[in-house]
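# Chains, contacts and geometry: an overview
The lines below spell out each chain.
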Amino acid sequence: MHGRTAQVWAANETNVVLANTSTFTTLAELLACIERTFGDPDWERMAHAQLHAQKMTPGMTADKYTAKFKMLAARTGFNEAALEDAFI
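Quick summary incoming for the structure in this document. (Residues numbered from 1 in each chain as written. Predicted model: local features only at pLDDT ≥ 70, side-chain atom pairs only at ≥ 80, totals over all residues. Heavy atoms only, no water.)

## Observations concerning the nonpolar core
Counting 7 residues, the largest nonpolar core is built from L51, Y65, F69, L72, A73, L83 and A86. Residue assignment for this core shows that the elements contributing at least two residues are α4 (62-76) and α5 (80-86). Considering every element that reaches this core, the biggest residue donor is α4, with 4 residues. (Core = buried A, V, L, I, M, F, W, Y, C linked by side-chain atoms within 4.5 Å. Buried < 20%, exposed > 50% of the residue type's maximum accessible area, 1.4 Å probe, protein only. Helix = DSSP H or I, 4+ residues; strand = E, 2+ residues; numbered from the N terminus.)

## Observations regarding unusual backbone geometry
Positive phi outside glycine occurs at N20, with the angle close to 55 degrees. Topologically, N20 is positioned in the loop between α1 (4-18) and α2 (27-38). Judged by relative accessible area, which is 71%, N20 ranks as exposed.

## Some details on the packing of helix α3 (residues 43-53) against α4
Interaxial distance between α3 and α4 falls to 8 Å at its minimum, and their mutual angle equals 140 degrees. Considering their axes alone, α3 and α4 lie oblique with respect to each other. Handedness of the α3/α4 crossing: left-handed. Of the residues in α4, those in contact with W43, E44, A47, H48, Q50 and L51 of α3 are F69, L72, A73, R75 and T76. When the residues that make up the contact of α3 with α4 are grouped by side-chain class, the tally is 6 nonpolar, 3 polar and 2 charged. (Axes fitted to C-alpha atoms, helices over the stretch in contact; angles between N-to-C directions. Parallel < 35°, antiparallel > 145°, perpendicular 65-115°, else oblique. Left-handed = near helix turned anticlockwise from the far one by under 90°. Contact = heavy atoms within 4.5 Å. Nonpolar A, V, L, I, M, F, W, Y, C, P; charged D, E, K, R; others polar.)

## So, the packing of α1 against α2
The interhelical angle for the contact between α1 and α2, taken along N-to-C directions, is 150 degrees, at an axis separation of 12 Å. Relative to α2, the element α1 is oriented roughly antiparallel. Read as a crossing pair, α1 and α2 show a hand that is right-handed. Touching T5, A6 and W9 of α1 are L30, C33, I34, T37 and F38, all from α2. Taken together, the residues that form the contact of α1 with α2 break down as 6 nonpolar, 2 polar and no charged.

Remember that the coordinates give geometry; whether it matters functionally is a separate question.
Listed below in structure tokens is the structure:
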């Protein structure tokens, strides 16, 4: 983690670990903290926007478009009708 906020966060967490005052006892707890700190707070809404903005571009294969669509679709919670409408 280099640069800006991530670097400061990593340095602070490293210092806490080295001082034996960390509240993390498992890797899962550390990863959950990283997700809370740096993850998208509304990943489902972000997936909605990305899905609707997705377009075929020159050089993009249908397979690549479909793969990206499926990845985003899995995050949206859309029903089958909504997914059919979004698939352009």
